[in-house]
2 protein chains.
Amino acid sequence: MNENEVRASALELVERSMIAMVGSLGEDGTPHIKAMIKAEYEGLRTIWFSTNTSSEHVAQLEKDSRACVYFAEWAEEPWRGLTLGGRMEILRDRASRERLWENGCEKFYPKGVMDPDYTVLRFIPDWGKYWQFGTKIRFDLSQEE
Amino acid sequence: MNENEVRASALELVERSMIAMVGSLGEDGTPHIKAMIKAEYEGLRTIWFSTNTSSEHVAQLEKDSRACVYFAEWAEEPWRGLTLGGRMEILRDRASRERLWENGCEKFYPKGVMDPDYTVLRFIPDWGKYWQFGTKIRFDLSQEE
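What counts, and where the lines are drawn
- Residues numbered from 1 in each chain as written.
- Chains lettered and ligands numbered in written order.
- Predicted model: local features only at pLDDT ≥ 70, side-chain atom pairs only at ≥ 80, totals over all residues.
- Heavy atoms only, no water.
- Contact = heavy atoms within 4.5 Å.
- Buried area = accessible area lost by both parts, 1.4 Å probe.
- Salt bridge = Lys/Arg side-chain N within 4 Å of Asp/Glu carboxyl O.
- Nonpolar A, V, L, I, M, F, W, Y, C, P; charged D, E, K, R; others polar.
- Least-squares fit on C-alpha atoms with pLDDT ≥ 70 in both.
- Phe/Tyr/Trp six-rings, centres within 6.5 Å; stacked < 30°, edge-to-face > 60°.
- Lys NZ or Arg CZ within 6 Å of the ring centre and 35° of its normal.
- Helix = DSSP H or I, 4+ residues; strand = E, 2+ residues; numbered from the N terminus.
- Polar contact = N/O pair within 3.5 Å; in protein donor to acceptor, adjacent residues only side chain to side chain.
- Patch = residues over 30% accessible without salt bridge, like charges linked within 9 Å, V, L, I, M, F, W, Y side chains within 5 Å.
- Areas by Shrake-Rupley, 256 points an atom, 1.4 Å probe, with all protein chains shown as cover.
- Buried < 20%, exposed > 50% of the residue type's maximum accessible area, 1.4 Å probe, protein only.
- Pairing = 2+ DSSP bridges.

Participant: Please explain the interface of chain A and chain B as it appears in this structure.
Facilitator: How big an interface is tends to be reported as the loss of accessible area on association of its parts. The partner chain B presents 30 residues to the 30 residues of chain A that form the contact. Here chain A and chain B share an interface that buries about 2400 Å² over both sides, 72% of which is from carbon and sulfur atoms. The largest per-residue losses of area from chain A upon contact with chain B belong to P31, I33 and W74 of chain A, which jointly make up 27% of the total buried on that side. For the pair chain A and chain B, the interface holds four salt bridges. Considering only residue class, the side of chain A that touches chain B consists of 18 nonpolar, six polar and six charged.

Participant: Is there a simple way to explain the relation of the copies chain A and chain B in this structure?
Facilitator: These two copies of the chain differ by a rotation about an axis and a displacement along the same axis. Note on the copies: chain A fits chain B at an RMSD of 0.0 Å, the axial shift is 0.0 Å, and the rotation between them is 180 degrees. Such a combination of turn and shift is consistent with a two-fold rotation axis. Of every C-alpha in chain A, the one belonging to P31 of chain A sits nearest the axis of rotation, 2.8 Å from it.

Participant: What should I look at first to understand the packing of aromatic side chains in this one?
Facilitator: Here the distance between the centres and the angle between the planes together describe a pair of aromatic rings. Residue and element names in this part refer to chain A. Summed over all chains, the structure comprises eight aromatic pairs over all chains. Summarising the aromatic geometry, the rings of W101 and Y109 are spaced 6.4 Å apart at their centres and angled 45 degrees between planes, so their arrangement reads as tilted. Three or more aromatic residues link up through ring pairs in this structure, and these residues are W101, Y109 and Y118. Residue placement shows R138 over the ring face of W127; its charged tip is 4.1 Å from the ring centre.

Participant: I would appreciate a short explanation of the environment of E89 of chain B in the present structure.
Facilitator: All names here are of chain B. Checked against the element boundaries, E89 lands in strand 6 (residues 80-91). Each C-alpha atom, one on E89 and one on L61, is 8.1 Å from the other, the two residues being 28 residues apart in sequence. With residues up to four places along the chain from it excluded, the contact list for E89 reads V120, L121, R122 and I124. In terms of polar contacts, E89 uses its side chain to reach the side chain of R122, at 2.7 Å.

Participant: I'm lost on a nonpolar patch on the surface in this one. Help?
Facilitator: Together, M18, I37 and F108 of chain A together with W79, W131 and F133 of chain B make up a nonpolar patch on the protein surface, roughly 640 Å² of accessible area in all. With respect to the helices, strands and loops of the structure, W131 of chain B is situated in strand 7 (residues 118-132). Of the residues examined, W131 of chain B reaches a relative accessible area of 36% and is grouped as partly exposed.

Participant: Explain the pattern of salt bridges here, please?
Facilitator: Between side chains of opposite charge, pairing is possible as soon as their charged atoms come close. Taken as a whole and assessed by the stated rule, the structure comprises 26 salt bridges over all chains. For D64 of chain A, the salt bridge goes to R66 of chain A, with nearest N and O atoms at 3.0 Å. What makes D64 of chain A partly exposed here is its relative accessible area of 21%. What makes R66 of chain A partly exposed here is its relative accessible area of 22%. For the salt bridge of E73 of chain B with R16 of chain B, the shortest nitrogen-to-oxygen distance reads 3.5 Å.

Participant: Would you explain the pairing of strand 8 (residues 135-140) of chain A in this entry?
Facilitator: Side-chain direction in a regular strand flips from residue to residue, so the side chains alternate between the two faces of the sheet. Residue and element names in this part refer to chain A. In strand 8, alternate side chains face the same way, and those of T135, I137 and F139 are buried while those of K136, R138 and D140 on the opposite face are not. For strand 7 (residues 118-132) and strand 8, the ladder comprises six bridges, and the chain directions are antiparallel. Its bridge partner being in strand 8, Q132 is matched across the sheet by T135. Hairpin connection of strand 7 to strand 8: two residues between the antiparallel strands, including G134 at a positive phi of 90 degrees.

Structural data, given as structure tokens:
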């Protein structure tokens, strides 16, 4: 696979994945992982999530925004995985909240779209690494529009 | 759920998971994630993996052994996740290699059990954190036998 084919496969993996694994750093710099629902994405350049403001995860990201997002497919062959490495932005403005708000969210955030426990996360990767048996390619994402 | 129930559910999640997500630290201290097949486990206290000596993952763990192992279930409810945090040991002795060696491994390691590209990883957690809707409990594993 050349880099263009790898980017196309990586994007296809993001598209079909409902769940992403999000890696962050604990207070002591140790790695942590949490499964999160992929709320939205824009190509390989931006991935959106939402979570509880009160979570340990948000406290970690406030202290150190370095993060990775990992997608994997092992239910069917070829097994493959994609790591995106970059930074997670914490957003609490109304437009970002409304962007991800859906019917049913009020079950988790009873005060509605401006509920203080509702936080939007926007992940911006600098690089990607795609793996599939026989292929392992790292590519740059820092110049993407 | 009390702590004993959480530990039992956590162990059941480990037992039924073929794949674990392994978190490690890049050279610059950033979080990385890789899906790995769980080769063996001993309760919640030890989880075994094998991988390629030549992989970036092994280079990372040689530099900084701090790691986490994450198991999650989202194909059926209740959705749940378990993070184990601790250290990953890199083992290359014959007994550890033979412990995990199976028929078919020679496809990946043609020189057999002592193939220099074959590395055994043993993860020893210090703590666990179990999540399930309505439950979030952290527990100590550093005193386990």
